[in-house]
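Chain by chain, the residues:
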Amino acid sequence: MADTVIQQAAGFCHRRVGDILVTALNDGHQDAPLTTMAGIPTEDAAALLHAAFRPVPRRTAVNGFLIRSAGRIALVDTGCGPIKPTTGRLAANMAAAGVAPGEIDTVLMTHLHPDHTGGLTGPDGAPLFPAATLHLHEAEHAHWHDDAAMEREDASRRATFFGGARKRLAAYAGRTSLFHSGEIFPGVTAIPLPGHTPGHTGFLVASGSKSLLIWGDIVHVPEVQVPRPEATMAVDVDPAQAAATRRRLFDQVATDRQAIAGMHLHFPAFAHLARDGAGYRLVPDAWSIDLNGDLDGDL
């Protein structure tokens, strides 16, 4: 039994936002040492994970999201791809949710780190979404084409981060659209959230009185960064700005009771953020068979 690979049920979960259907797609998870975090002592991060019954080294979920709106389908981020035995599930989970790659007309990128772009292309470098236009923030496009920024990194990150981003963007040459902010898909508005990368972007999905903010990589390790928002990641391009953006957004979504979803929240990745004394706590949404229930918890 110990050597048997046991599969879970398909990793997709629907949430309705007014007339828009949002579907979380799990790509798997990555384990990484706590040395990939900064701004918090390693022993403090480990204690927070132990208190939450989470493993050390840290285990980080990877998710993407489908948005079905006005007869169109967008995919927000594409996961890691099959770079590890624990990743690369997004394509199969999208199929299980009833959507084929050729049906995607828009791919929205929160940013271009490898765990978000790995599913853009196949092993041969060909695009996996043949009918889709790729949308990303103009500052994100500029950063990954900045030779000076690339030269400041070590050889591994130059190849994996900059080289990978450039190759995947090249695969969508001629059908890439750059934005700064504003509505970029029916009912979906781009919200710049810089720091993790220069063009890191959230997407506010809104229909009628309902809304959901897909906040990208505002947190990677919820058990640590929600109570300790000063904790940053080694891959943050501007750690100070990333922490400032996180604090600002925490205050905003808690004040507004804004429903959130995240690429690194534990699947199914829909939640709220509540004030807890001088800090915050994450409140995962309860799974429901009823897609018409409120996301904001109002009576």
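Coordinates for the structure precede this section.
Just so we're clear, the structure is a prediction, and the values are computed from it rather than from any experiment.

**Topic: the sheet that holds strand 12 (residues 210–214)**
Strands sit in the order 9-10-11-12-14-15-16 across an open sheet of seven strands; the sheet is mixed. Lying at the two open borders of the sheet, with one neighbouring strand each, are strand 9 (182–185) and strand 16 (279–284). Taken strand by strand, helix 8 (residues 239–256) contacts strand 10 (188–192), strand 12, strand 14 (260–261), strand 15 (270–276) and strand 16, and its axis lies near 95° from that of strand 15.

**Thoughts on the packing of aromatic side chains**
Counting across every chain of the model gives six aromatic pairs. Three or more aromatic residues joined by ring pairs make a cluster, and in this case those are Trp144, Phe161 and Phe162. Over the ring of phenylalanine 161 we find arginine 157; its NZ or CZ atom is 5.2 Å from the centre of that ring.

**Describing the side chain of aspartate 27**
As for its position among the elements, aspartate 27 is in strand 2 (residues 20–32). No salt bridge is formed by the buried aspartate 27. Its closest oppositely charged neighbour is arginine 89, at 7.6 Å. Leaving out residues up to four positions away in the same chain, aspartate 27 has contacts with Val62, Asn63, Thr78, Gly79, Cys80, Gly81, Thr86, Thr87, Gly88, Arg89 and Leu90.

**A closer look at helix 1 (residues 42–51)**
Turning to helix 1, its buried residues are Ala45, Ala46 and Leu49. With its buried residues spanning 100° around the axis, helix 1 presents them on a single face. Relative to its buried face, helix 1 has exposed residues pointing more than 90 degrees away, namely Glu43, His50 and Ala51. Lining the buried residues of helix 1 we find strand 4 (58–69) and helix 7 (222–225). Phi turns positive, to about 60°, at phenylalanine 53, one or two residues after helix 1.

Rules used in this analysis
Residues numbered from 1 in each chain as written. Predicted model: local features only at pLDDT ≥ 70, side-chain atom pairs only at ≥ 80, totals over all residues. Heavy atoms only, no water. Pairing = 2+ DSSP bridges. Helix = DSSP H or I, 4+ residues; strand = E, 2+ residues; numbered from the N terminus. Contact = heavy atoms within 4.5 Å. Axes fitted to C-alpha atoms, helices over the stretch in contact; angles between N-to-C directions. Phe/Tyr/Trp six-rings, centres within 6.5 Å; stacked < 30°, edge-to-face > 60°. Lys NZ or Arg CZ within 6 Å of the ring centre and 35° of its normal. Buried < 20%, exposed > 50% of the residue type's maximum accessible area, 1.4 Å probe, protein only. Lys, Arg positive; Asp, Glu negative; His and termini not counted. Salt bridge = Lys/Arg side-chain N within 4 Å of Asp/Glu carboxyl O. Arc of directions from axis to C-beta.

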